Each structure stands twice: as structure tokens, then as C-alpha cells.
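# Coordinate inspection notes
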Amino acid sequence: MAVYTDINEVDLKAFLRQYDAGELMSYKGIAEGVENSNFLLHTTAGSLILTLYEKRVEKADLPFFLGLMHHLSSRGVNCPLPLPRHDGALLGELSGRPAALITFLEGMWLRKPEPAHCREVGKALAEMHLACDGFALRRPNALSLDGWQALWAKSAGRADEVLSGLREEIGGELAFLEGAWPKDLPEGVIHADLFPDNVFFLGDQLSGLIDFYFACNDMLAYDVSICLNAWCFEKDGSYNITKGMALLDGYNAVRPLSAAEIAALPVLARGSALRFFLTRLYDWLTTPEGALVVKKDPIEYLRKLRFHRQVASAAEYGLASA
Ligand SMILES: Nc1ncnc2c1ncn2[C@@H]1O[C@H](COP(=O)(O)OP(=O)(O)OP(=O)(O)O)[C@@H](O)[C@H]1O
Ligand SMILES: N[C@@H](CCO)C(=O)O
């Protein structure tokens, strides 16, 4: 359960008085997510999400994330909206952490997505990429090449405790990506964490996107590669080309990938698999026993990385034209 910071009722009620959000009726911690502390509130005005921002979110980046949600919503993307306080600020403080009240989005995330859902996700990702156009703020991707090196430096010394040989394998992978990372692909604002638990469905209909706290400016095709990693592998570690084809078709129907983006997909997918491997490895090694969070398995992403390493072209992801 991702509740890193506890709140008490007295402080919460005082926090709520700064908003036009009704009277508190009940609240509970949300048993999902690994990054921030989230609470579901019921007030006389309805349901709301309270988010307390934790270790990986820089306070200085919050205007980018919260502003992006407003921008996307104004462009027709269904995503939560941060509520303004009486003084107009979108951000407050609770239990010593930066905190925001966010509108509740109806829907559920899918534990077992099917190809048709992957197509919807591809479409929604491309729509989000187009809708980000014109967003005035910029945020470089803190979890690209330099960020990976820094994360790895913190874990490398203990990596072989998790799996023998890991230190050498990941060192080699980073060296490869330093040389092979694409430089001239189309860029824009990317979600950067569009995993199944961040996409809500009502029945088979995609109802909205949440969790923009890794959003940043980077290559649009890198976001596609993140989704291939997050949506198109089965529990046994195999790549499901039918899901890949559906996701890529859905994306292409809204924003066709260029030949250069298609050619770069295998390298981008290696990079995005490494990115999630590294954050998971760091958390695996540093999250204290007994913390109220379910740690995610880094080895799942090592397996995906190894798969991408032997991919010769994007045709193997299901792109008919590659
Ligand atoms: N606006 C919202 N409307 C409804 N439910 C929400 C909303 N925001 C968050 N949730 C619920 O809280 C859970 C965790 O939220 P979120 O994914 O933002 O947390 P996180 O710690 O940033 O997670 P992650 O591990 O995906 O980075 C979601 O899976 C969802 O159940
Ligand atoms: N989606 C991420 C967690 C949030 O960074 C993962 O599955 O590792």
C-alpha cells in the first residue's frame, strides 16, 4: 500500500477548509501505486483524491504536472484536475509534504488487458501527444541517460545480491545505450509512465488517464516503447505480438510513426525497459522492510530488456510496415 506519509483527521480537516470541497465524511489510504501517498476522500461535495508527493517528485516540478493536467483537460483528454484553493494555489501542504486535491476519475484499471484495450491505449497515447502541443512549460526527462547512470551508480555495488552477473550486464547495456540512443526524433510532452494502472476503463471503453508525475519533454516514440513494455508482455515474460500490433495500430491511426521512429523502436524499448528496471532495482534495495508499499520486481524488466536485445527490427513488435 503506497502510504508513506500518514495524515490525521484534524490536519486534514484544516487542509480541506482551504478549498471549496465540502465537509469531510471519511477518508482512507489507497492500496495501490508505489510513488506517492494517495487517499480517497468522501466529502459532502463528493469523492476526491488527496495526493501527498513523495521522494521522486521534485516540488519545483509540480507546476508542470498540475498545469499539464489542466492543459490536457482543456484539449479534451479525460484526466483528473487539481482543485484550486481559495487563494488560487493548486498546491498546499499536509503532514509536511506538498499536497494537492484532485478530482476523482470514474473507471477501473485492467488487470488483464486484451488486444482491443491495447489499441485504445495506443490511440489515447497519440491523442495525448497531439493534445500536449502548445503546453508552455518544459521539463527535461530526469530519467533518461544521465538519470539512469546516476541511479545505477547508487545500486551497482549491490546489484549482484539480486542476481549474479547483473553488475556486468547492466554496465554493458548502459554503455551500449550511451552510443546508440537516438537524437533527432520528434519530441514533445510524454506521459512516461502509461502503465495499465494509470489507464482507466469503464467496460471496454477507455475512460481516462491518470498519474502525470513522470511527464516530461522527450521523444514521442520513447513513450510508445514504454507502452509496449508495460502492455504487451504476458505474465510468463513472452511478448504478445497481437497486443503489440493493436497498440501500434491504434497509435498510428492518430499519429503515424515516421520511418526513423520505427527504426529506433528496438533501441528505445531497451532504454525504457532499463529505466523501469533501474527504478525498481533501486527501490528493491532501499525500501525498508515493513514499508506500506508492494515493491515491484526488477527482474521482470531485465527479462524484457533481454527480449529487446535480440529484436532485429520493429516488425517483431507487430508493425506491418517495418
Ligand atoms: N484521480 C483519480 N481518480 C480515481 N482514482 C485515482 C485517482 N488518482 C489515483 N487514483 C487511485 O490511486 C491509485 C494510485 O494512484 P497513482 O497511480 O497516481 O499513484 P502512484 O503512487 O503515483 O502510482 P505509480 O506506481 O503508478 O506511479 C490508482 O491506481 C487509483 O486506484
Ligand atoms: N510504473 C512503474 C512504477 C512507477 O514508476 C513500474 O511499474 O515500475
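Residues numbered from 1 in each chain as written. Chains lettered and ligands numbered in written order. Predicted model: local features only at pLDDT ≥ 70, side-chain atom pairs only at ≥ 80, totals over all residues. Heavy atoms only, no water.

Taking an unreviewed UniProt entry as the reference, the protein chain is identified by name as Homoserine kinase belonging to Ciceribacter ferrooxidans. Quoted verbatim from the Catalytic activity (unreviewed entry) heading of the UniProt record, the comment on the protein chain is "L-homoserine + ATP = O-phospho-L-homoserine + ADP + H(+)". UniProt, in its Sequence similarities (unreviewed entry) section for the protein chain, records the words "Belongs to the pseudomonas-type ThrB family." (UniProt positions renumbered as here; feature names shortened; annotations may be inferred.)

### Considerations on the overall build of the protein chain
Secondary structure assignment for the protein chain yields nine helices and nine strands. Taking 2.2 N^0.38 as the reference for a compact globule, 322 residues should give roughly 20 Å; the C-alpha atoms of the protein chain span a radius of gyration of 20 Å, in line with that estimate. If you line up the protein chain on its principal axes, its C-alpha atoms span 60 × 45 × 35 Å. When the 322 residues of the protein chain are sorted by exposure, 53% land in the buried category. Only carbon and sulfur atoms are counted for the fraction: they give 53% of the accessible area of the protein chain, which is about 14,200 Å². For the protein chain, the distance from the average position of its 31 positive side-chain charges to the average position of its 41 negative side-chain charges is 2 Å. (Helix = DSSP H or I, 4+ residues; strand = E, 2+ residues; numbered from the N terminus. Rg over C-alpha atoms; globule rule 2.2 N^0.38 Å. Buried < 20%, exposed > 50% of the residue type's maximum accessible area, 1.4 Å probe, protein only. Areas by Shrake-Rupley, 256 points an atom, 1.4 Å probe, with all protein chains shown as cover. Lys, Arg positive; Asp, Glu negative; His and termini not counted. Charge placed at Lys NZ, Arg CZ, Asp CG, Glu CD.)

### Describing the nonpolar core
Residues W148, I170 and W231 are the most contacted members of the largest nonpolar core, which totals 90 residues. Sort the elements by how many residues they give to this core and helix α8 (residues 259-286) lands first, with 13 residues. In contact with I170, other than residues within four places in its own chain, are W152, L274, F277, L278, L302 and L305. F15, F39, L52 and L83 belong to the second largest nonpolar core, which has 17 residues in total. (Core = buried A, V, L, I, M, F, W, Y, C linked by side-chain atoms within 4.5 Å. Contact = heavy atoms within 4.5 Å.)

### Some thoughts on the site of ligand 1
What surrounds ligand 1 is a group of 18 residues, the closest being V34, E35, T103, L105 and D211. Within the side chain of D197, an N or O atom sits 3.4 Å from an oxygen atom of ligand 1. Separating an oxygen atom of ligand 1 from a side-chain N or O atom of N198 is a distance of 3.0 Å. Burial of ligand 1 by the surrounding chains reaches 92%, relative to a free accessible area of 620 Å². In terms of residue class, the shell around ligand 1 is built from eight nonpolar, five polar and five charged. Two domains each provide a minimum of three residues to the shell around ligand 1, namely domain 1 (9-103) and domain 2 (115-317). (Near = heavy atom within 4 Å. Polar contact = N/O pair within 3.5 Å; in protein donor to acceptor, adjacent residues only side chain to side chain. Nonpolar A, V, L, I, M, F, W, Y, C, P; charged D, E, K, R; others polar. Domains from an automatic or database assignment.)

### Looking at the environment of K243
Its location among the elements puts K243 in helix α7 (residues 241-254). On the basis of relative accessible area, K243 is assigned to the buried category, the value being 7%. Between the C-alpha atom of K243 and that of E23, which follows or precedes it by 220 residues, the distance is 45 Å. Among the polar contacts made by the side chain of K243, one reaches the side chain of E234 at a distance of 2.8 Å.

### Some details on unusual backbone geometry
Working note: non-glycine residues mostly have negative phi, and peptide bonds are mostly trans. In this structure, A192 takes a positive phi of about 75 degrees despite not being glycine. Tracing the backbone through its elements, the reader meets A192 in the loop between β6 (187-190) and β7 (199-202). Overall, A192 belongs to the buried group, its relative accessible area being 5%. In this structure, D211 takes a positive phi of about 65 degrees despite not being glycine. One can find D211 in the loop between β8 (205-209) and β9 (216-219). Note on D211: relative accessible area 22%, which makes it partly exposed.

### A short note on the site of ligand 2
Looking at ligand 2, the residues that line it are V34, E35, D193, F195, F214, F276, R280 and K296. At 2.9 Å, a side-chain N or O of E35 approaches an oxygen atom of ligand 2. D193 has a polar side-chain atom sitting 2.7 Å from a nitrogen atom of ligand 2. Here ligand 2, which alone exposes 260 Å², has 95% of that area covered by the protein.

### Regarding helix α3 (residues 115-131)
The terminal C-alpha atoms of α3, which comprises 17 residues, lie 24 Å apart, in line with the 24 Å expected from a rise of 1.5 Å per residue. Those residues of α3 not exposed but buried are H117, C118, V121, G122, A124, L125, A126, M128, H129 and A131. Where α3 is buried, its residues meet α2 (62-74), β6, β7, β8, α6 (220-231) and α7. (Expected span 1.5 Å × (residues − 1).)

### Things to note about the pattern of salt bridges
Taken as a whole and assessed by the stated rule, the structure comprises 18 salt bridges. One salt bridge in this structure joins K13 and E9, with 3.1 Å as the shortest N-O distance. Residue K13 and its partner E9 are both found in helix α1 (residues 9-16); the two are separated by four residues, about one turn of the helix. We note a salt bridge from D197 to K296, for which the minimum N-O separation is 3.7 Å. On the criterion of sequence distance, the pair formed by D197 in the loop between β6 and β7 and K296 in the loop between α8 and α9 (298-309) is long-range, its members being 99 residues apart. Among the residues examined, K296 registers a relative accessible area of 31% and is labelled partly exposed. Here the salt bridges do not stand alone but share partners, grouping E169, E173, R270, R306 and R309 into one network. (Salt bridge = Lys/Arg side-chain N within 4 Å of Asp/Glu carboxyl O.)

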